[in-house]
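# Examining the three-dimensional arrangement
Take a look at the letters that make up each chain.
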Amino acid sequence: MADEMDEMMEGGEIKKLMYMTRTAPYGTVYALEALEVVLIGAAFEQDVCMVFADDGLFQLKKGQNTEATGMKNFSPTYRALEMYDVEKLYVEKESMDARGMTEDDFIVDVEVKTSDELTSMMEDMDIVLNF
Amino acid sequence: MATINVAGKDIAVDEEGYLEDRNEWNEEIAAEMAKLDDCELTDSHWEVINFLREYYDEYQIAPAVRVLTKAIGKKLGKDKGNSKYLYELFPYGPAKQACKYAGLPKPTGCV
Amino acid sequence: MLHTINKSPYTKNSLDTCLRMAKEGSAILLIEDGVYAALTGSEITSTVETAMKKHTFYALSADLEARGIQDRVIDGIKVVDYAGFVDLAAENSGVQSWL
């Protein structure tokens with residue numbers, strides 16, 4: 001990934017960058033790590049979008065309360081993404097339907113995209129980073 | 001572990017002087033941290049510190065300097081939402097230094 | 001026997017394997033990412049509802065709340081807290097943790 005980051009900063013032209021996140025928020029550290037990379041990466045001012053597929057969309061579930069588990073609830077941080085100019089947030093429709101979720105379940109405004117739509121978006125990217 | 005002494009009590013901080021436990025924070029601790037940096041806190045400093053604490057409560061994150069500047073501008077006006085004003089208040093870097101006094105972790109996106 | 005499942009049913013087959021091997025009448029406790037199996041209206045729901053005819057299902061409240069799904073649990077799954085987890089472990093002859 002370091003290579004991809006180097007590549008991203010080269011030349012000064014704006015690159016299209018997709019962060020693909022597919023893991024649930026608390027069972028592993030991937031989701032939080034992805035969010036931190038996105039926030040740090042925002043300083044490079046690229047054309048960024050984020051895709052929440054599979055269990056990744058559970059990161060955005062409203063009403064998370066981690067008090068009893070003693071973990072940090074980082075779901076409010078997704079609402080700060082807009083201020084970091086990360087405004088394009090996509091949820092894969094197939095993943096959402098499989099989990100019985102709807103757009104109203106998310107703490108941020110997202111655009112729901114079918115996997116077909118995501119296929120062509122991915123083809124259009126300079127870099128796709130996976131978490 | 002590093003500590004700073006405030007009103008006779010040892011408060012745990014990390015190697016860069018950031019508070020280990022955000023819940024321990026009070027204004028005296030902020031003032032003591034500032035004193036260690038030879039900085040006297042004025043109302044203008046407090047305005048930014050309090051802003052950061054509210055920001056953290058809402059988003060669970062310490063903002064990067066660019067985001068802080070923009071957000072301050074929105075809330076407190078253009079004359080305060082610029083680097084010059086904020087760097088004059090917090091010469092070590094507005095996000096880093098102000099976050100420290102506010103008892104927050106080092107900002108995400110701050111290398 | 002108490003069976004615990006801590007992986008999401010969408011990413012690992014722990015639940016399926018558990019349901020294949022668990023003796024009828026077992027207690028099955030969903031914890032950590034395993035609680036996503038408790039979601040109503042999902043493509044897993046019918047699997048769990050069928051299994052509930054043979055087993056008693058529990059889900060850990062702290063993990064449901066952390067994930068914001070405590071209001072979306074399938075009817076008939078018993079929600080327990082950490083003390084309830086301990087009780088289940090004590091009541092049952094053994095604990096099988098499906099990782």
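Structure: see above.
Residues numbered from 1 in each chain as written. Chains lettered and ligands numbered in written order. Predicted model: local features only at pLDDT ≥ 70, side-chain atom pairs only at ≥ 80, totals over all residues. Heavy atoms only, no water.

### Observations concerning unusual backbone geometry
Residue and element names in this part refer to chain A.
- Phi at Glu45 takes a positive value of approximately 50 degrees, unusual for a residue other than glycine.
- Along the chain, the position of Glu45 falls in the loop between helix H2 (30-41) and strand E2 (47-52).
- Of note, the phi angle at Asp54 is positive, near 50 degrees, even though the residue is not glycine.
- Relative to the elements of secondary structure, Asp54 occurs in the loop between E2 and strand E3 (88-92). (Helix = DSSP H or I, 4+ residues; strand = E, 2+ residues; numbered from the N terminus.)

### Here we look at the pairing of strand E2 (residues 9-13) of chain B
All names here are of chain B.
- Of the strand pairs in this sheet, strand E1 (residues 2-6) and E2 are connected by 5 bridges, and their pairing is antiparallel. The residue of E2 that forms the bridge with Asn5 is Asp10.
- Once E1 ends, the chain turns through 2 residues before running back antiparallel as E2, passing Ala7 with a positive phi of about 50 degrees. (Pairing = 2+ DSSP bridges.)

### Digging into a negative patch on the surface
All names here are of chain A.
- Judged by side-chain charge, Glu82, Glu87, Glu103, Asp104 and Asp109 come together as a negatively charged surface patch.
- The topology assignment puts Glu103 in the loop between helix H3 (93-98) and strand E4 (111-113).
- Relative accessible area serves as the criterion here: at 46%, Glu103 is assigned to the partly exposed category. (Patch = residues over 30% accessible without salt bridge, like charges linked within 9 Å, V, L, I, M, F, W, Y side chains within 5 Å. Areas by Shrake-Rupley, 256 points an atom, 1.4 Å probe, with all protein chains shown as cover. Salt bridge = Lys/Arg side-chain N within 4 Å of Asp/Glu carboxyl O. Lys, Arg positive; Asp, Glu negative; His and termini not counted. Charge placed at Lys NZ, Arg CZ, Asp CG, Glu CD. Buried < 20%, exposed > 50% of the residue type's maximum accessible area, 1.4 Å probe, protein only.)

### Observations concerning the packing of helix H2 (residues 43-59) of chain B against helix H5 (residues 94-101) of chain B
Residue and element names in this part refer to chain B.
- At their nearest, the axes of H2 and H5 sit 9 Å apart, and the two run at 80 degrees to each other. Classified by the interaxial angle, the pair formed by H2 and H5 is roughly perpendicular. From H2, Val48, Ile49 and Leu52 reach across to H5, where they touch Ala98, Cys99 and Tyr101.
- Here the residues of the contact of H2 with H5 are counted per class, giving 6 nonpolar, no polar and no charged. (Axes fitted to C-alpha atoms, helices over the stretch in contact; angles between N-to-C directions. Parallel < 35°, antiparallel > 145°, perpendicular 65-115°, else oblique. Contact = heavy atoms within 4.5 Å. Nonpolar A, V, L, I, M, F, W, Y, C, P; charged D, E, K, R; others polar.)

### A few points about the interface of chain A and chain B
- Across the contact, 15 residues belong to chain A and 14 residues belong to chain B.
- For the pair chain A and chain B, the summed buried area comes to about 1,300 Å², and 54% of that belongs to carbon and sulfur atoms.
- The three residues of chain A that bury the most area against chain B are Lys72, Met83 and Tyr84 of chain A, which together make up 44% of that side's buried surface.
- Asp85 of chain A is the salt-bridge partner of Lys70 of chain B, the closest N and O atoms lying 3.4 Å from each other.
- Applying the counting criterion to the chain A and chain B interface returns 9 residue pairs in polar contact (both at pLDDT 80 or more). (Buried area = accessible area lost by both parts, 1.4 Å probe. Polar contact = N/O pair within 3.5 Å; in protein donor to acceptor, adjacent residues only side chain to side chain.)

### Examining the pairing of strand E1 (residues 16-21) of chain A
Residue and element names in this part refer to chain A.
- When you tally the buried positions in E1, you get 5 out of 6 residues, the bulk of the element.
- Inspection of the sheet shows E1 paired to E2 by 6 bridges, in the parallel sense. From the neighbouring strand, Tyr19 faces E2, where its bridge partner is Met50.
- One crossover worth recording links E1 to the parallel E2 by way of H2, and it is right-handed. (Right-handed = clockwise from strand over helix to strand, strands pointing away.)

### A word on the sheet that holds strand E1 (residues 2-5) of chain C
Residues and elements named next belong to chain C.
- In space, the 5 strands of this open sheet follow the order E4-E3-E2-E1-E5, with parallel pairing throughout. Of all the strands in the sheet, the pair left with one neighbour each is strand E4 (78-80) and strand E5 (95-98). Strand after strand, the sheet turns through a mean of 25 degrees between neighbouring axes, direction not considered.
- Pairing of strand E3 (residues 56-60) with E4, which is carried by 3 bridges, proceeds in the parallel orientation. Bridging from a neighbouring strand, Leu60 pairs with Val80 of E4.

### Brief notes about the environment of Met121 of chain A
- With respect to the helices, strands and loops of the structure, Met121 of chain A is situated in helix H4 (residues 115-123).
- Through-space distance from the C-alpha of Met121 of chain A to that of Met18 of chain A is 9.0 Å; in sequence the pair is 103 residues apart.

### Side note on the pattern of salt bridges
- Enumeration over the complete set of coordinates arrives at 19 salt bridges over all chains.
- Here Asp37 of chain B makes a salt bridge to Lys100 of chain B, at a shortest N to O gap of 3.8 Å. Of this pair, Asp37 of chain B sits in the loop between helix H1 (27-36) and H2 while Lys100 of chain B sits in helix H5, and the two are 63 residues apart along the sequence. Exposure class is identical for Asp37 of chain B and Lys100 of chain B. Each is buried.
- Connected via shared salt-bridge partners are Asp85 of chain A together with Arg66 and Lys70 of chain B.

### Points about the arrangement of the chains
- Taking contact number as the criterion, the leading pair out of 2 pairs of chains in contact is chains A and C.
- Over all C-alpha pairs, chain B and chain C never come within contact, reaching a minimum spacing of 15 Å.

On their own, these measurements won't tell you what the molecule is for.
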